Amino acid sequence: MSDLTAEAGSVATGLLVTDLAVGGMTCAACASRVERRLGRLEGVTAGVNLATGRARVVHPAGVPVAELLAAVERAGYTAEPVAAGAPPTASADGPDGDGDGGAGELRRLSVLAAFALPVIALSMVPALQFRYWQWVCFLLAGPVVCWGAAGIHRRALRGLRHSTATMDTLVSLGVLASYGWSAYALLLGGAGRPGMRMPFSLTAGAAGGAHLYLEAAVGVPLFVLCGRFLEGRVRRRTGSALRALAGLAAKDVWVRENGEERRIPVAELLPGREFVVRPGEKVATDGVVVDGRSALDLSLLTGESTPVEAGPGDPVAGATLNVGGTLVVRATAVGADTRLARITALVTEAQAGKARAQRLADRVAGVLVPGVLAVAVGVLGFWLGAGVRPQAAVTAAVAVLVVACPCALGLATPTALLAATGRGAELGILVRGPEVLESLRRIDTVVLDKTGTLTSGRMQLAETTAAPGQDAAQVLRLAGAVEHHSEHPVGRALAAAARQSTGGELPPATGFAATPGLGVAGEVEGRRVRVVRPGEAGGALPGVLREALARAEADGRTAVLAELDGRPAAVFAVGDTLRPGSYRAVHRLRGLGLETVLLTGDRQGAARAVAEQLGISEVHSGASPERKAELVAELRAAGRRTAVVGDGVNDAVALAAADLGIAMGSGTDAAIGAAGLTLVRSDPEAVVDAVLLARRTLGTVRANLAWAFGYNAVLVPPAALGLLNPMLAAAAMSASSVLVVGNSLRLRAWRPPGRGPGRGRGAGRGRGRGAGQQGAASTTA
């Protein structure tokens, strides 16, 4: 299996990773409490993500999962183990935290509103207050307080049994205090007399003993549960990209055996078996094309907008869509070993982690709830000691309890990271964890490998120069016919270029002979053809061919000489061509204020030629894997924060040594395993997209945290001073959570700015001579 994912399991000698689905959490204080409870077990560390409802626990093999579950339950929550890397399900707690957040909870919320809204209207509008309105409101409020808010009270009581306080503790105390004071006022305080009128106040109110707070008793749970319902729906949308990835896989497949086809579930498909993919169907699993030719739409898997041609011998990925002809594919990987499964697992791993900002918010939330309780008691005691009417003192304390709930604080960071990692997966950008986005945001230098990163990594014909009197296309056709029998990379490049120029048909060659290190020879259409190293020429070269050889050497290309019947006929310059998006990628990185460095093991001429085309001034060529790591260390020692982009085994050490390693998805397992970020599509511009996504994500996190902290800082003092009605405090608290999650949801629609047409195709022109040779052959007569 490719190490595309930081696979859950053994993370060190004797240590295991276990994922738990934790139920009953409603705020960051809950997540912090579960972490602390698990952390009390010897050798156990845990991270709890409120947005996904998951706990990732690293524990010794001697600590069984059952003990972890018991620790969570002792904290007052439910827990069950889930498969490592499994994506979160679409369900989530409903408004009261116990349901599924679906149609049943919506009906419950509708019933709750039917009881609560008349109470709020009668309490707020004196003109609607008829003779016995207060008793009707008291009767309507009873079901809201006792049934509608039952889940809140239940969890608050459970927390008290475990000597803990959560957001539910604050809301439950506020609701019960408001309802209890209203019951006292009705029965003993004179508020139950017929014809009583009560004006509505935006503040805590001070209308004497006859004042009721039934609107707060029903409004607080109504707004809190409504906010949780909306918040749950939005949170599920932030994780929709991950669930969409998990749902991309085909369910059934047509397998071919003994010339016959039959349909079986994908789960029964084994490596080595051949299956058929018809037009409009998904490729069932990773494999190699055995027969047929078609175009595959990779957009859902890699973000590439243009279908990719596939024919015999080409690898294909599962979950891609066949938009052309029929293919016969031999399966090479199934189940968890497929590219789709590794991508899904990697995104899940990323969403299980925590950013530094989130850890700070969780620590704050862990002490916020006890702090709020202390402040509320202090506010109550202060106002009573100051001689204020008891009902006003109680109302101010209730407003403090409700308005200071740390919901928004706990959701500010994880929801943004959840949305960003999901959107990144859609764009072909896979991050191992939130810390990768933080590192990517801080880098100032991007070190780029050449072969396979900025270039295609495959030899292609770059230039054909024919001798006077020779036809370049004809010479290429004859040379390609001989090289068709060669296995050398230069020969394959010439044969491929010849087939392309002739529409796929090459004449047969006879008498083929290959001399290792020198060249090949054969007879085509009655002419003796040789393709050899320039030093093996049978005669003096014309000036135009000598110039072509010098030009190829200066550009770092490999030059070969074609002879027809013993006479020099043409020089072919073969080289590794730039990827279409390389120039735009380097140009956009500089536009973002990032320095670019070319670091390659290739020879100096080839490195300088690429650097000249791309406008890179700092070049290090001929570097061994060890030297690459040393250069990265030198850059870091000089105070530069580096990201290394590479794809080969020789890049793995440098990727691991950098502040952040970025691997091309087409690269080796060693490179991918050493990197913190993987680009699924082999497009250098994806590096720029990743930087922009990281900056936008961290900007969203900062905005969310500023709102969450600012909300409490701004509204707690007015509540403590009796200037905020508890019902309005509940509405503001719920709105803050929905606002934070909604702001994070904007990342789901983020699009990389500044991309050229076709997502990286034909991206820009190179600097200096040779830029126009990217990916195509030019001919000089």
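Residues numbered from 1 in each chain as written. Predicted model: local features only at pLDDT ≥ 70, side-chain atom pairs only at ≥ 80, totals over all residues. Heavy atoms only, no water.

Asker: Which parts of the structure should I look at to understand the nonpolar core?
Answerer: Residues Met-25, Leu-440, Ile-662 and Leu-677 are the most contacted members of the largest nonpolar core, which totals 72 residues. At 11 residues, helix α24 (residues 685-720) tops the list of elements feeding residues into this core. In this structure, Trp-133, Tyr-179, Ala-185 and Ala-399 belong to the second largest nonpolar core, which totals 56 residues. (Core = buried A, V, L, I, M, F, W, Y, C linked by side-chain atoms within 4.5 Å. Buried < 20%, exposed > 50% of the residue type's maximum accessible area, 1.4 Å probe, protein only. Helix = DSSP H or I, 4+ residues; strand = E, 2+ residues; numbered from the N terminus.)

Asker: So what exactly am I meant to see when it comes to the sheet that holds strand β9 (residues 286-291) here?
Answerer: What holds strands together in a sheet is hydrogen bonding between their backbones, with the strands either parallel or antiparallel. Spatially, the 6 strands line up as an open sheet ordered β7-β6-β8-β14-β9-β12, and their pairing is antiparallel. Of all strands in the sheet, those with a lone pairing partner are β7 (260-265) and β12 (315-316), marking the two edges. Here strand β6 (residues 252-257) runs beside β7; their pairing, made up of 6 bridges, is antiparallel. In the sheet register, Val-253 faces β7, and the bridge partner there is Ile-264. (Pairing = 2+ DSSP bridges.)

Asker: How should the pairing of strand β4 (residues 54-60) be read in this particular structure?
Answerer: Looking along a regular strand, one sees the side chains alternate between the two faces of the sheet. With 5 of 7 residues buried, β4 lies mostly within the body of the structure. As defined by bridge partners, strand β2 (residues 15-23) adjoins β4 across 7 bridges and the pair is classed as antiparallel. In the sheet register, Leu-20 faces β4, and the bridge partner there is Ala-55.

Asker: Looking at this model, I keep getting lost on the pattern of salt bridges. Mind explaining?
Answerer: Taken as a whole, this structure holds 15 salt bridges when the rule is applied. Arg-477 is the partner of Glu-525 in a salt bridge, and the nearest nitrogen-oxygen pair spans 2.6 Å. In this pair, Glu-525 is assigned in the loop between β19 (519-524) and β20 (527-532) and Arg-477 in helix α16 (residues 472-483), connecting sequence segments 48 residues apart. Glu-525 gets classed as partly exposed once you look at its relative accessible area, which sits at 48%. (Salt bridge = Lys/Arg side-chain N within 4 Å of Asp/Glu carboxyl O.)

Asker: Looking at this structure, I do not really get the packing of α16 against helix α17 (residues 489-502). What am I missing?
Answerer: Their axes nearest at 8 Å, the elements α16 and α17 cross at an angle of 130°. By the angle between their directions, the pair α16 and α17 is classed as oblique. The handedness of the crossing between α16 and α17 comes out as left-handed. On α17, the residues that touch Leu-476, Arg-477, Gly-480 and Glu-483 of α16 are Gly-491, Leu-494, Ala-495, Ala-497, Ala-498, Ser-501 and Thr-502. Taken together, the residues of the contact of α16 with α17 sort by class into 5 nonpolar, 4 polar and 2 charged. (Axes fitted to C-alpha atoms, helices over the stretch in contact; angles between N-to-C directions. Parallel < 35°, antiparallel > 145°, perpendicular 65-115°, else oblique. Left-handed = near helix turned anticlockwise from the far one by under 90°. Contact = heavy atoms within 4.5 Å. Nonpolar A, V, L, I, M, F, W, Y, C, P; charged D, E, K, R; others polar.)

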